[in-house]
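Examining the three-dimensional arrangement
What follows is each chain in one-letter form.
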Amino acid sequence: MMAVCLRYAQTTFEAEDVLQEGFLTVFRTLASFRRECPLEFWIRRIMINAALRQHRRNAPLVAVSDGDYPETLASEEFTFSNYAYAELLRVVQELAPRYRLVFNLYAIEGYTHKEIGEMLDISEGTSKSQYSRARVVLQNKLTRLGTSATS
Amino acid sequence: MNASTPPKGSLEDLFRHHLLESEAAAVPPRFQVWEQLDNSLLLAQNEQYRRRLLVHRWAIAASLLLASLAGGGWWHSQFGQAPSLARAPHLATAPAGLAAQAMHTQTTASPVLATAGFGQVTRPAQHGAHAAALLSSLTNQSAIDQTATLSEASASTIMAAASAGPSLPATGKNQAASYYLAASRGAHQRSTRFAAMDRTESEDTYFAGNQSLSLARIALPAGSAAESLATVDALATNPDVQALATRPSSLALLVASLPASLSPVPVEVPTVPATARRWQYGLAYTASSFQPNIDFTKAAGGYSASFGINSASITRTAAVEYRNNLRAGLGQRLSGWAARRLGAGRWSLRTGLELAQNTATSASSVAFVGEQVADLSYTQAGAGSPQRTSYRYRSASVPAELQYANPLKTGFSLYGRVGALVSALLNVRSDVDGNPEATRTYSLVSANSPYRRLTGSVRGGAGMQYRPAGHQWALNLGPMAELGILSLNSDPSQDFWHQQRPYSFGLEAGLELGRTPKLP
C-alpha cells in the first residue's frame, strides 16, 4: 500500500501521512467489509480516498478551463526494460498535483473521466484536458530518460 | 510474442507494468509510521471515551445546579419572608368583617383627629404612645404589631395636633380626650388579656377592643356632639359594656347609640376576584439519558437458522455482544398536559400527550441491528473491530400522574409528581455506521418488528417551581426518572420478573399556564 500512496503523493513523508490516515480508516471500518471484492482492493480504494482527501486539504483543485485537448493522444511505444520503477515513480511525483491525480486515476486505476470528474468535483472535460497535459509532460520526460539511457 | 523481443507498449502500459508490478513487491514504510498509526488509534479511542465522559459531566453539572436551585429556593421559602406579611390577609377574615372596618375607620379617623386639634391636651397623647408601647410589648403576633404601629401613628398625630392650637371648645376637648384615654385603656386591658388567651379567642377580643378604640376616634372630631360623646364615653368605660364588647353584637349596640351623622361609613372589604380554576395547562420538555436495556439473547434454538449454517449461533454471539456494548443515549420528550385540581388542596391529576425520541448505541462485530445479524456475509469478516450501531426510538405516550404543587405561592416552591404512562412505539430505526444497506426501520404496523408496540412505564419527578407574582404562569424544573414496566423487545426469553426494562433519568423543564386557583 505504501507504493500506492507514493504514486499519489509528492514526497515520501506525504505518502506516509496518507498511509496512516488510510489505515486508521481501515481499522475503524474493517467490520463493514463485505468480501464483495478482495480485501487488498478494498484497502487500496481506502488509500486512494485518503490520498484524495489529503490533496483536497493541501492543494484545492483550481478550476481549470476545459481548454483544448487532443481527442486522439499520440501513441508512442516504449520498451519496458528501458525504465526502472524508481525513475517512473519520480517522474509521476514530479507532475503537478492535479495532473498526478488524474493520471493515476485514469491510467493506473482505470477509472473513466466521468468517474474522475465526480471524485475530484471537476468536469469530465477538465479531467480529459488535465490527463492529456500530464501525458505530454510524461512523454517528454520519458523520451529524455530513454535518450539518456541509450546514450 | 517472440521471447527475444523485449516487451513494448504505450505510455499507459509502461506505467501500469512497472508501478503495479512494484506494488506486489513490498515497499515498506518507515518503522515510525506504524508507531504513529498505533498512537493515532489510541487517540481515536480516547476521544470516544472523552465524548462519553463529557455527557456524564454535563449531567452531573446539571444535577448540582438543580440541587443548588432547590436548596436556595427552600432557604428562601423558609427564612426569606417577613412573618407579619404572611399573616396580614388573615385579618380580613375576622368575624363579620369587623376587623377590616375597624382598621379602616381607625386609619381614616386619625387625620380627622389631627384637624380637630387637641390643643394643650398632651396627656392623652402620652397615653396613646404608652398604649402603643404596651400593645407592642404584649405579644409578637404580627397583627398586633400592625395595630401597635397604627396606635403609634395615632399618638404621633395627636402630638402633632397638640401644637396646632385649640379649635374645639374646652369641654368638647376634654370630653374627647378623656374618651380617647378611656378607650385606650380599654384596649390595654384587652390586650393584656389577649396575651394569655389562645389564638382564636384572643383575636375576637382583640378586634372587639380595637373596635371600641375606633369608635372612640370616630366620636372625637365631633366636638359639637358633646352629649353624644358623653354617652358613648359612659358606655365605653362601663365594665358591662366592655364585657359585651367581646361580642360583635354588643358593638352593634354601641354603634346604634351614635347619632346618624356619626355612624361609621361601611367600607367594602376588598375581595379576591373569583376565578374558576380547576384546570391548568402546560408544556414541558425533558432531556434525559435513555437506556433501552434490551436483552435479545435466547437459547441456542431460539434463533432462526434460515440464514444459513451456524447462523443461529452467530446471531446468539452477536446478541451477547450487542448487550455488552449497549450504551445509553439522549432521550428527548415534548409534552402538552392538562391538570385538574383535586378538591381544594394542592393535589391534582395530570394527563396529556407526549412525543418522545430516544437514542442508544451499541456495537457488534457482525452488524447486529436489533434482532438479528443484518447480513451474514459480515460474519465472514468478523475478526475486525466492533461495528457501531445507532438506535432511535420514537414514541407517543399518554400519562396519568398525581401531582403535588402549591398553586398559590409566588416565588419558589416545591412540586412532586408520580404516575404511569402508556406508550406506543411509533418508529424504530437502526443504523450501522458506514453501512447504509444494513439500516432497518420498523413502524407501528411492521409485521416483523422485534420491538413491543405498546409499552407501559412508571415515572416520578420532583423539583422547583417558580411563579412570579401577578402573573398567570409558572416555570418548573426538576429531575425525573422513568422505568419501563415491560421490556422493550417483544419476545424476551426471561420471565416477567427477570426481564430487562428500559429506564431513563433526566431533567424536565416546564411552563405552566392558566389562572391561579383560589384556595378556600
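The rules behind the values
- Residues numbered from 1 in each chain as written.
- Chains lettered and ligands numbered in written order.
- Predicted model: local features only at pLDDT ≥ 70, side-chain atom pairs only at ≥ 80, totals over all residues.
- Helix = DSSP H or I, 4+ residues; strand = E, 2+ residues; numbered from the N terminus.
- Buried ≥ 20, exposed ≤ 12 C-beta atoms within 10 Å, placed from the backbone.
- Contact = placed C-beta atoms within 7 Å.
- Pairing = 2+ DSSP bridges.
- Axes fitted to C-alpha atoms, helices over the stretch in contact; angles between N-to-C directions.
- Parallel < 35°, antiparallel > 145°, perpendicular 65-115°, else oblique.
- Left-handed = near helix turned anticlockwise from the far one by under 90°.
- Core = buried A, V, L, I, M, F, W, Y, C linked by C-beta atoms within 7 Å.
- Domains from an automatic or database assignment.
- Expected span 1.5 Å × (residues − 1).
- pLDDT = per-residue confidence, 0-100.

**What about the overall build of chain A?**
When helices and strands are tallied, chain A shows seven helices and one strand. From first element to last, N terminus to C terminus, chain A shows the α and β order α-α-α-β-α-α-α-α. Burial statistics for chain A: of 151 residues in total, 34% are counted as buried. Across chain A, the fraction of contacts at a sequence separation of at least 24, relative to all contacts at a separation of at least 6, is 68%.

**Topic: the overall build of chain B**
A count of helices and strands for chain B gives twelve helices and ten strands. Expressed as a percentage of the 520 residues in chain B, the buried residues total 34%. Put simply, of all contacts in chain B between residues at least 6 apart along the chain, 75% involve residues at least 24 apart.

**Some remarks on the interface of chain A and chain B**
Taken residue by residue, the interface counts 34 residues in chain A and 38 residues in chain B. At the level of elements, helix H1 (2–8), helix H2 (12–29), strand E1 (78–79), helix H4 (85–93), helix H5 (97–108) and helix H7 (124–150) of chain A are the ones that each hand at least two residues to the side of chain A that touches chain B. The element best represented in the side of chain A that touches chain B is H2 of chain A, accounting for seven residues. By the bridge criterion, two bridges tie E1 of chain A to strand E1 (residues 8–9) of chain B in an arrangement that is antiparallel. In the sheet register, Phe78 of chain A faces E1 of chain B, and the bridge partner there is Gly9 of chain B.

**Some details on the pairing of strand E10 (residues 503–513) of chain B**
Residues and elements named next belong to chain B. In terms of strand pairing, strand E2 (residues 279–291) meets E10 through eleven bridges, oriented antiparallel. Pairing of Phe290 across the sheet is with Ser504, part of E10. Here strand E9 (residues 473–484) pairs with E10 via eleven bridges, running antiparallel. Each residue of the ladder has a partner; that of Met480, found in E10, is Gly506.

**Digging into the environment of Val428 of chain B**
All names here are of chain B. As for its position among the elements, Val428 is in strand E6 (residues 411–432). Assessed through the 23 C-beta atoms surrounding it within 10 Å, Val428 is described here as buried. Val428 sits 23 residues away from Tyr451 along the chain, and the two C-alpha atoms are 8.2 Å apart.

**Quick look at the packing of H2 of chain A against helix H3 (residues 39–58) of chain A**
All names here are of chain A. In contact at an axis separation of 8 Å, H2 and H3 are set at 125° when each is read in the N-to-C sense. Judged on the interaxial angle alone, H3 and H2 are oblique. Between H2 and H3 the crossing geometry is right-handed. Between H2, through Asp17, Val18, Leu19, Glu21, Gly22, Thr25 and Val26, and H3, the contact on the second element is made entirely by Ile43, Ile46, Met47, Ala50, Ala51 and Gln54.

**Observations regarding the nonpolar core**
Among the nonpolar cores identified, the biggest contains 38 residues, and Cys5, Val18, Met47, Val102 and Phe103 of chain A are the most heavily contacted of them. Among the elements that line this core, the one with the most residues is H5 of chain A, at seven residues. For this core, the domains that each give at least three residues are domain 1 (1–60) and domain 2 (62–151) of chain A. Not counting the four nearest positions on each side in its chain, Met47 of chain A is found in contact with Met1, Val4, Cys5, Val18, Leu19 and Gly22 of chain A. Judged by nonpolar contacts, the second largest core, of 18 residues, contains Ala318, Tyr322, Ala328 and Ala360 of chain B.

**A closer look at unusual backbone geometry**
Positive phi is not limited to glycine here, since Asp121 of chain A has a value of about 60°. The residue Asp121 of chain A is located in the loop between helix H6 (113–120) and H7 in this model. Even without being glycine, Asn293 of chain B reaches a positive phi, approximately 55°. With respect to the helices and strands, Asn293 of chain B occurs in the loop between E2 and helix H12 (311–325). Residue Asn293 of chain B is classed as buried on the basis of its C-beta count, with 20 C-beta atoms lying within 10 Å.

**Structural notes on H5 of chain A**
Residues and elements named next belong to chain A. Between its first and last C-alpha, H5 extends 16 Å over twelve residues, near the 16 Å set by a 1.5 Å rise per residue. Across the twelve residues of H5, ten count as buried, placing the element largely inside the fold. Listed as buried for H5 are Arg98, Tyr99, Arg100, Leu101, Val102, Phe103, Asn104, Leu105, Tyr106 and Ala107. Looking one or two places after H5, you find Gly110, whose phi comes out positive at around 90°.

**Regarding the confidence of the model for chain B**
All names here are of chain B. When pLDDT is averaged along chain B, the result is 69; 53% of the residues meet or exceed 70. Contacts for the low-pLDDT stretch residues 82–173, under 50 throughout, to residues beyond four places or in other chains number 137 contacts. Ignoring residues within four places in sequence, the model shows residues 190–225, a span with pLDDT below 50, making 85 contacts including any to other chains. Reported for the predicted complex are a pTM of 0.40 and an ipTM of 0.79.

**Comments concerning H2 of chain A**
Between its terminal C-alpha atoms H2 of chain A stretches 26 Å, which fits the 26 Å expected from 18 residues at 1.5 Å a residue. Residues of H2 of chain A that are buried include every one of Ala15, Glu16, Val18, Leu19, Gln20, Glu21, Gly22 and Phe23 of chain A, and no others. Where H2 of chain A is buried, its residues touch H1 and H3 of chain A together with helix H2 (31–79) of chain B.

**Some points on the environment of Gln130 of chain A**
Inspection of the secondary structure assignment puts Gln130 of chain A in helix H7. The sequence separation of Gln130 of chain A and Val102 of chain A amounts to 28 residues, and the corresponding C-alpha distance is 6.9 Å.

**Quick notes on the confidence of the model for chain A**
All names here are of chain A. Averaged over every residue, the pLDDT of chain A is 79; residues scoring 70 or more account for 85%. Taking the mean pLDDT of every element in chain A, the minimum, 76, falls on E1 and the maximum, 88, on H5. Across residues 61–66, where pLDDT falls below 50, the model places ten contacts with residues more than four positions away in sequence or in other chains.

**Comments concerning the pairing of strand E4 (residues 347–364) of chain B**
All names here are of chain B. The pairing of strand E3 (residues 327–341) with E4 spans 13 bridges and is antiparallel. Pairing of Arg340 across the sheet is with Leu349, part of E4. A loop of five residues connects E3 with E4, the two strands running antiparallel in sequence, and Gly343 in this loop sits at a positive phi of about 65°. Direction of pairing for E4 relative to strand E5 (residues 387–405): antiparallel, over a ladder of 16 bridges. Among the inter-strand pairings, Ser362 is bridged to a residue of E5, identified as Thr389.

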